[in-house]
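Secondary and tertiary structure notes
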Amino acid sequence: MSHHVTIIPGDGIGPEVTSAAQRVIAAAGVAIDWELGEAGGEVIHKYGTALPQATIDSVVKNGVALKGPSGTPIGSGHASANVALRKALDLYANLRPVRSQVGVPTRFENVDLVVVRENTEDLYSGIEHVVVPGVVETLKIITERASSRIAEYAFAYAEKHGRRKVTAVHKANIMKLSDGLFLDCCRRVARAHPKIQYDEAIVDACCMQLVRDPSRYDVLLLENLYGDIVSDLCAGLVGGLGLVPGANLGERCAVFEAVHGSAPDIAGKGIANPTAVLRSATLMLRHLGEDDAAARIDRAIDRVLGGGGPRTPDLGGKATTAEYVDALVAALA
Ligand code: NAI
């Protein structure tokens, strides 16, 4: 039986890394009918929007998407297609497992963290305006509903996956009402999950502790903005953005995408590391019940990187994306 999945190549390196993932998935023997979903800065001239309704409809219909990054201009221009997609589909939980990678030596061995980021509100509400020239106001929206829902997700994830602890990360010493509400919700949900340890960390100190000793954390539970920043920091602990996968999960749909962006500095050069999208694809395959194929792809990545095979320049190698994917496909056999 073939699965129906929306593929959103996105911008920059997106088409390079998503097509690499499609090739490896096919080589692993999983039959997928891919439906193209357009999104990102490069489709605006065609549709007048970075997120055409047809793409939203396709993900709703299929329930699952694999997505490349979409570029968003800085300081002006169109609004983010990512944020719009997450809101349109109510993909409230952003899951980013961060693990040390076989064959990629970094300062710490055995990093094993899970970032759970609230995905629909906070400063990403996009509500900002000029009060008077020279003064701009941006609204940070935190609700009890979204905070409780993401906390429930984090604790349920911890229980299901045998994790020991959830740490709520906040700045409630300064944002006493908004981050205070977030913490209240986390505490209430924590009380309902007594088997999982619960503690709290102020976001700035948490960043310092993460770079000194990541083993003190397990599951990190964060609002949208802190989650965005801290997950890139965590990616740096294990070898960079080319490696870390992600999933945007809602009640009805799941969109799998890497943590990284469209990497305009290397787009079109054929040297992007597709591992992060591939690991996102293995999360997707498990979601689809294709656990064996997912495990084979994960093992193939470990074999190639762990065995001194070709690697892309972000990991210190000289291989192109295509050469690395050739090695992965050979390692699947
Ligand atoms: P970025 O993640 O695109 O790049 C940061 C650095 O990491 C660059 O040096 C890049 O070459 C490197 N890098 C990232 N992914 C890589 C990969 N797979 N292989 C090798 N090197 C990789 O972040 P940046 O430059 O801040 O953002 C660029 C654009 O991406 C922006 O328009 C931003 O809005 C967008 N973006 C989109 C996301 C999404 O669609 N989910 C997430 C993050 C950013």
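Residues numbered from 1 in each chain as written. Predicted model: local features only at pLDDT ≥ 70, side-chain atom pairs only at ≥ 80, totals over all residues. Heavy atoms only, no water.

Let's shift gears to the overall build of the protein. Looking only at helices and strands, the protein features 11 helices and 12 strands. Taken over C-alpha atoms, the radius of gyration comes to 20 Å for the protein, in line with the 20 Å a tight globule of 333 residues would show. Here the protein holds 333 residues, and 53% of them are scored as buried. Put simply, of all contacts in the protein between residues at least 6 apart along the chain, 73% involve residues at least 24 apart. (Helix = DSSP H or I, 4+ residues; strand = E, 2+ residues; numbered from the N terminus. Rg over C-alpha atoms; globule rule 2.2 N^0.38 Å. Buried < 20%, exposed > 50% of the residue type's maximum accessible area, 1.4 Å probe, protein only. Contact = heavy atoms within 4.5 Å.)

This brings us to the site of the ligand. The environment of the ligand is made up of 22 residues, and the closest members are T72, N82, G261, A263 and D265. Residue S262 places a main-chain N or O atom 3.0 Å away from an oxygen atom belonging to the ligand. Separating an oxygen atom of the ligand from a backbone N or O atom of A263 is a distance of 2.7 Å. Surface burial for the ligand is 70%, taken as the share of its 810 Å² of free accessible area covered by protein chains. Looking at the shell around the ligand residue by residue, the class counts come to 8 nonpolar, 9 polar and 5 charged. (Near = heavy atom within 4 Å. Polar contact = N/O pair within 3.5 Å; in protein donor to acceptor, adjacent residues only side chain to side chain. Areas by Shrake-Rupley, 256 points an atom, 1.4 Å probe, with all protein chains shown as cover. Nonpolar A, V, L, I, M, F, W, Y, C, P; charged D, E, K, R; others polar.)

This paragraph deals with the sheet that holds strand β1 (residues 3–8). Pairing in this open sheet of 10 strands is mixed, and the strands run β2-β1-β3-β12-β11-β4-β5-β10-β8-β9 from one edge to the other. Of all the strands in the sheet, just β2 (32–36) and β9 (197–202) have a single pairing partner and so form its edges. For this sheet the average axis-to-axis angle between neighbouring strands, irrespective of direction, equals 25 degrees. One ladder, built from 3 bridges, connects β1 with strand β3 (residues 64–67); its direction is parallel. (Pairing = 2+ DSSP bridges. Axes fitted to C-alpha atoms, helices over the stretch in contact; angles between N-to-C directions.)

In terms of nonpolar packing, the biggest core is built from 65 residues, with V116, L221, M284, L285 and I297 touching the most fellow members. Each of domain 1 (1–93 + 241–333) and domain 2 (107–237) contributes no fewer than three residues to this core. Grouped together as the second largest cluster of nonpolar side chains are 22 residues, V111, V169, A235 and V238 included. (Core = buried A, V, L, I, M, F, W, Y, C linked by side-chain atoms within 4.5 Å. Domains from an automatic or database assignment.)

Per the domain assignment, the segments making up the protein are domain 1 (1–93 + 241–333) and domain 2 (107–237). Placing a centre on the C-alpha atoms of domain 1 and another on those of domain 2 gives a separation of 24 Å. Listed per partner, the contact involves 12 residues of domain 1 and 14 residues of domain 2. Of the roughly 1,100 Å² buried where domain 1 meets domain 2, counting both sides, 54% is carbon and sulfur surface. (Buried area = accessible area lost by both parts, 1.4 Å probe.)

With that settled, the discussion passes to the pairing of strand β8 (residues 165–170). Judged by how many residues are buried, β8 sits mostly within the fold: 6 of 6 residues are covered. Burial of β8 is two-sided: the residues K165, T167 and V169 facing one way and the residues V166, A168 and H170 facing the other way are all buried. Here β8 runs beside β9; their pairing, made up of 6 bridges, is parallel. By the bridge assignment for β9, H170 is matched with I202. Regarding topology, helix α6 (residues 178–191) serves as the crossover connection from β8 to the parallel β9, and that connection is right-handed. Relative to strand β10 (residues 219–222), β8 runs parallel, the two sharing 4 bridges. Looking at the pairing, A168 lines up with L221 of β10. (Right-handed = clockwise from strand over helix to strand, strands pointing away.)

So, on to the packing of aromatic side chains. Under the criterion given, the structure shown has 2 aromatic pairs. Consider the rings of F155 and Y198, whose centres lie 6.1 Å apart with planes at 40 degrees: the pair is tilted. Here Y198 lies in strand β9 and F155 lies in helix α5 (residues 144–160), a separation of 43 residues in the sequence. Judged by its relative accessible area of 0%, F155 falls in the buried class. Among the residues examined, Y198 registers a relative accessible area of 24% and is labelled partly exposed. Here R117 stacks its cationic end above the ring of Y124, 5.4 Å away from the centre of that ring. The side chain of R216 reaches across the aromatic face of Y217, ending 6.0 Å from its centre. (Phe/Tyr/Trp six-rings, centres within 6.5 Å; stacked < 30°, edge-to-face > 60°. Lys NZ or Arg CZ within 6 Å of the ring centre and 35° of its normal.)

Nonpolar side chains collect at one region of the surface, where I127, L139 and I141 lie side by side and expose about 200 Å² of accessible area between them. Tracing the backbone through its elements, the reader meets I141 in the loop between β7 (135–138) and α5. (Patch = residues over 30% accessible without salt bridge, like charges linked within 9 Å, V, L, I, M, F, W, Y side chains within 5 Å. Salt bridge = Lys/Arg side-chain N within 4 Å of Asp/Glu carboxyl O.)

This next bit is on the packing of helix α9 (residues 275–287) against helix α10 (residues 291–306). Helix-helix packing is characterised by the crossing angle of the two axes and by the distance between the axes. Direction vectors running N to C along α9 and α10 enclose 160 degrees, while the axes themselves pass 8 Å from each other. Classified by the interaxial angle, the pair formed by α9 and α10 is roughly antiparallel. Note that α9 runs across α10; the crossing there is left-handed. Packed against α9, whose contacting residues are T275, L278, R279, T282, L285 and R286, the element α10 presents D291, A293, A294, A295, I297, D298, I301 and D302 at the interface. Here the contact of α9 with α10 is composed, by residue class, of 7 nonpolar, 2 polar and 5 charged. (Parallel < 35°, antiparallel > 145°, perpendicular 65-115°, else oblique. Left-handed = near helix turned anticlockwise from the far one by under 90°.)

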